[in-house]
Each structure stands twice: as C-alpha cells, then as structure tokens.
Amino acid sequence: MNTTSTTANTKIAIVGAGLGGLACARVLQLHGHTVTVFEQEASADARPQGGTLDMHGDTGQVALRTAGLHETWRALARPEGQQMRAVDPRTTDVLVDEIPAEDDEFKPEIDRGQLRGLLLDSLSPGTVRWGRATDDVTPLPDGTARLRFADGTTEDFDLVIGADGAWSRVRRALTGVRPEYSGVAFVEFGLDDADRRHAALAALTGQGTMVAKTGGNAIFAQRNSNGHIRGYAVFHAPEDWHAGFDFADTDAVRATLLQRYTGWHPELLGFLRDNDGAFTHRPLYVLPVPHAWTSTPGLTLLGDAAHLMPPLGVGANLAMLDGTELATALATSPTVGEAVRTYEARMLPRSIETAKACKEGLVRLLGDGIRTAAA
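Residues numbered from 1 in each chain as written. Predicted model: local features only at pLDDT ≥ 70, side-chain atom pairs only at ≥ 80, totals over all residues. Heavy atoms only, no water.

Spatial strand order, β7-β2-β1-β11-β17: five strands in an open sheet with parallel pairing. Every other strand in the sheet has two partners, leaving β7 (128–130) and β17 (299–301) as the edge strands with one partner each. On average, each strand axis in the sheet is inclined to that of its neighbour by 20°, with strand direction left out of account. Strand direction decides the pairing type here: strand β1 (residues 12–15) and strand β11 (residues 159–162), joined by four bridges, are parallel. Paired with A13 across the two strands is V160, which belongs to β11. Lying over the sheet, helix α12 (residues 336–366) contacts β11 and β17, oriented at roughly 25° with respect to β17. (Pairing = 2+ DSSP bridges. Helix = DSSP H or I, 4+ residues; strand = E, 2+ residues; numbered from the N terminus. Axes fitted to C-alpha atoms, helices over the stretch in contact; angles between N-to-C directions. Contact = heavy atoms within 4.5 Å.)

Tallied over the full model, the rule gives 22 salt bridges. Salt-bridge contacts for E105 lead to R74; the nearest nitrogen and oxygen are separated by 2.6 Å. Placement of the pair is E105 in the loop between β5 (94–98) and β6 (109–111) and R74 in helix α3 (residues 70–76), with a sequence separation of 31 residues. Taking the relative accessible area as the measure of exposure, E105 reaches 33% and is therefore partly exposed. On the basis of relative accessibility, which here comes to 23%, the residue R74 falls in the partly exposed class. (Salt bridge = Lys/Arg side-chain N within 4 Å of Asp/Glu carboxyl O. Buried < 20%, exposed > 50% of the residue type's maximum accessible area, 1.4 Å probe, protein only.)

This next bit is on unusual backbone geometry. Residue P290 follows V289 across a cis peptide bond; omega there is 5°. Here P290 is to be found in the loop between β16 (280–286) and β17. Its identity is not glycine, yet D193 carries a phi of approximately 45°, on the positive side. Residue placement: D193 occurs in the loop between β12 (180–191) and α6 (194–197).

Their axes nearest at 8 Å, the elements helix α11 (residues 315–332) and α12 cross at an angle of 160°. Put simply, α11 runs roughly antiparallel to α12. Crossing hand, α11 versus α12: right-handed. Contacts from L318, L321, D322, E325, L326, A329 and L330 of α11 reach α12 at V336, A339, Y343, R346, M347, R350 and T354. Across the contact of α11 with α12, the residue classes tally to nine nonpolar, one polar and four charged. (Parallel < 35°, antiparallel > 145°, perpendicular 65-115°, else oblique. Left-handed = near helix turned anticlockwise from the far one by under 90°. Nonpolar A, V, L, I, M, F, W, Y, C, P; charged D, E, K, R; others polar.)

Next up on the list: the pairing of strand β2 (residues 35–39). In terms of burial, β2 is a largely internal element, five of the five residues being buried. Neither face of β2 is open: one carries V35, V37 and E39, the other T36 and F38, and all of them are buried. Examined bridge by bridge, β1 and β2 share four bridges and lie parallel to one another. Directly across from I12, in β2, lies its bridge partner V35. Remark: the β1/helix α1 (residues 19–30)/β2 crossover connection has right-handed handedness. (Right-handed = clockwise from strand over helix to strand, strands pointing away.)

As a further point, take the environment of A292. With respect to the helices and strands, the residue A292 is situated in the loop between β16 and β17. Once the C-alpha coordinates of A292 and N226 are considered, the two residues, 66 residues apart in sequence, prove to be 40 Å apart. Sequence-distant contacts of A292, defined by excluding residues within four places in its chain, comprise T175 and L348.

Across a sheet, paired strands are connected by hydrogen bonds in the backbone, their directions being either parallel or antiparallel. Strand order in the open sheet formed by three strands is β8-β9-β10, with antiparallel pairing between adjacent strands. Each having just a single partner strand, β8 (134–139) and β10 (154–157) make up the two edges of the open sheet. Between one strand axis and the next, the sheet turns by 20° as a mean value, whatever way the strands run.

Moving on, we come to the nonpolar core. Within the largest apolar cluster, 59 residues are counted, with the highest numbers of intra-cluster contacts made by M55, L115, L147, V160, I161, M320 and L330. Top contributing element to this core by residue count: α1, with seven residues. Apart from the residues within four sequence positions on either side, L147 is in contact with A13, V15, F38, T134, D136, V137, T153, T154, E155, F157 and V160. A212, F247, Y261 and L287 belong to the second-largest nonpolar core, a separate cluster that totals 32 residues. (Core = buried A, V, L, I, M, F, W, Y, C linked by side-chain atoms within 4.5 Å.)

What follows is the structure, encoded as structure tokens:
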C-alpha cells in the first residue's frame, strides 16, 4: 500500500510530459526506479513548444544539476539572453538596458523545445507513452490510485504524479480546484529570420527581452535561437474580448490589436503589423493563492498542476525543481507516503509565496484593475 510500502519497488506514473514531469522521471531513473510518463500528445513534435526560458541559478539550474544535465544544458544556453530592455512606447527611447556581465550565468536563456528535447533524450527508451490521454484519476482504498485512459483502459499505480499542467485531471481528483481567468490576455506573435528580415525590430529587441508598457497595455519581445523573435501583446480584457471576430482571421486580429495600441510608436507597432504567421491567443489563467491540499495517499502534483501563476519567469523553474525534489524524496525516503509528505511540506509553502509575488508583479506590470483568483 502507498503509505507503508517501501519506495524500492514502487509503481509510479507521471501524467504529462512537460518539463517538470520529465525532470522527475529523469531523477527517478538515475536512482534506479521504474517510472512511466503518460502524455496525451501523439509525439514529441506534435506541436511547437513555446518560446525561451531563463533557468535560474537557485531553482531551474539546481534541478538540472540534480538531474545530471547541467553541463549539457549549459552548452545550449544563451547567457546574452539575460539582457533586459525597457523602451518608451511612444518614442522607443531606451529607458532601461540591463546587459549581463560577461561572467553572469544566473539565468541564461534556452528555448523550451531544446530543454524538453534534452530531458527526453536523457530518459530510457519507452519511458514516455505518447498518445495516452488520461480521462480520470481515482484514489483507491488501499492507498494506490487508478488511471483511466481515454480509450477506456485502466491501470493502477502506487503513486500518480500530476504534471499535466493548467487543466490537470490529476488535480481534479485531489482538490477539484479549477483555474480562473485573471483578466489579462496574451496574444503571441513571431518574427522569423529577424536580423535579416526585420532588422529594426531585432535591434529594438536586443539580445534578450524587451518590454514597452503604458495604460494597461504592454508588448514583450524575446530572442529565441535561430534568429527567431517571439513576442506577446499583453493587456486587460474580458475573457470574451475576441468574440466579435474569428481568431483564425489574422487580418482581423491585427486590426483589433493595432487599434488597441493606438498612439504607440510606429516602430513598436511593427511587431503587430509585420509579424510572420498567425497570432495565438493565450488568455492568462491562475489558481487561487493559496492552493494547497491535505496529503492524499496515491496522488500528488507538481508544476502548473500544483501552482498555476502568472508567467513572469518562474513557472518552468519551479516545475523542474518540484520534479527533481519529489524524485529525490521518493529515492531517499523509507515509504512512499513519507516521501510525498516531505516533498509537499517543502513545495507548497514555496509555491504559495512565489504565487503571491507573481500576482504583485503582474499588478506592477499592467497597473490596477486586474482581477485575479487570489484572495
């Protein structure tokens, strides 16, 4: 049974092949444990993996060292990507330009897809079961948990780890809490071969992240690898702000955004006017603060499943730290129950404090008027 069995022969399932789940699986395997990762997507390349991530020295890099992957990550990382630039939205005058020192490696950037690939390559073949969507999770009387998959089949495990993100099925079985809309919308855009095809916007972005903001509206632009710039228009809006048009209609989205950003400098508007490809709508959802639970045999959560918060540079770092700390606890504790309690006792207070800080950071970014799920 989960609360009394030793961890040596524990049957462990991780739901979700994101960064946190993969980091957890990697460390479990380093300690000789068998683990299966169930992922609903059909393959590692089923969809784009998003933009760039900064790996912090006190969280993400700690996880990478625990996973034995720090040096491999370092070979791919971009220390120059730590540059942070703020510009005036009406003049493009540079207000802040924080250029990292030559030896500054506190939070180098790496593309999310590169980092995920690094983690996937570190796992034993067959660890990830692609195309295995979880439909339901049920804690059982003996302290184990049952996964029911979308195809109707079931399988029981000593421990099911929910690493399945914002809309976690595992969380539904543990707390029943659902994310709430924050009142802030992100609209993603991209520029390909930026230094050659969009030279002025590339120069404005610099080597890291650029932000311009005023009146509850902001534009972010971030360097990715291979000459790509990924950016976001960020603004207050009701959840159905785009109900009047089809978001697949790129021209309609562009016209709406340009109207919203009326008065901004034409060069900055170039991010919205000259982007390559479609826009992607990413409304910002958050979990309540605090989000916690009574330790329950057979189940636990990590990453966004446990603490979905505004995307201010900490989510991936925390997910990976969660995963490696949980795996270490499972490898070093005498029982599964004790391992989970040890992990949750450390993770939950940390995530609550970080979520509070991210809430405050979002308020500072866009000003007053943000409705969050936090009390």
